[in-house]
Amino acid sequence: MQRSCVSGSFNMTIPIIWLKKNFYENPQKVILHHEGREWKTNLYSRREGRAGVLTVGWKKFVEENSLKESDVCLFTLSTKTTSSIDLKVLIFRITEKGTSVAKEVDSLTKYIPTHPKQQRTMRYPSEALDEEGNLIIE
């Protein structure tokens, strides 16, 4: 997670590649599911059409799950209708030493470009889609 996702403006940006495949209307209702609980949020497309942003319930989700700047979230599409999107969220915590407490995060990072030239070509280098279309935000 970037600092702006978990503090200050709590601005959770969703990349355009995911938005194009899953977005129907502005705003789109999004329900986040984690550990048997749910949070209702809204997803807005920015006017430029380059990305979307989660609002309303995102701050509450961050606070109630104690998300930190170094955490990684995997958003998996559960259900999608024209009126709402349900996303399952897996949270991977990063220890103070910078290593994951969950081994699975190592397999996720292969989808995030590490070479500077690759990062320059992406608008949001800390965001990626895995082979199944899941959204990974570091």
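Residues numbered from 1 in each chain as written. Predicted model: local features only at pLDDT ≥ 70, side-chain atom pairs only at ≥ 80, totals over all residues. Heavy atoms only, no water.

*Asks:* Please clarify how the side chain of D71 should be interpreted in this entry.
*Replies:* Within the fold, D71 resides in the loop between α3 (58-64) and β5 (72-80). Polar contacts involving the side chain of D71 include one to the main-chain amide nitrogen of K68, which spans 2.8 Å. (Helix = DSSP H or I, 4+ residues; strand = E, 2+ residues; numbered from the N terminus. Polar contact = N/O pair within 3.5 Å; in protein donor to acceptor, adjacent residues only side chain to side chain.)

*Asks:* Please explain the nonpolar core as it appears in this structure.
*Replies:* Note on soluble globular proteins: their nonpolar side chains tend to be buried together. Core analysis: the biggest nonpolar cluster contains 24 residues, and L32, W58 and L67 have the highest contact counts within it. Every element with two or more residues in this core is listed here: α1 (3-6), β1 (12-15), α2 (16-22), β2 (28-34), β3 (37-45), α3, β5 and β6 (84-92). When residues no more than four places from it in sequence are discounted, the contact partners of L32 are R37, E38, W39, T41, W58, F61, F75, L87 and V89. (Core = buried A, V, L, I, M, F, W, Y, C linked by side-chain atoms within 4.5 Å. Buried < 20%, exposed > 50% of the residue type's maximum accessible area, 1.4 Å probe, protein only. Contact = heavy atoms within 4.5 Å.)

*Asks:* Just to check I follow, could you spell out the pairing of β1 for this structure?
*Replies:* Of the two faces of β1, both are covered, the one formed by M12 and I14 as well as the one formed by T13 and P15. Looking at chain direction, β1 and strand β4 (residues 51-55) are connected through four bridges and run antiparallel. Bridge pairing links I14 to G52 in β4. (Pairing = 2+ DSSP bridges.)

These figures capture arrangement, not role.
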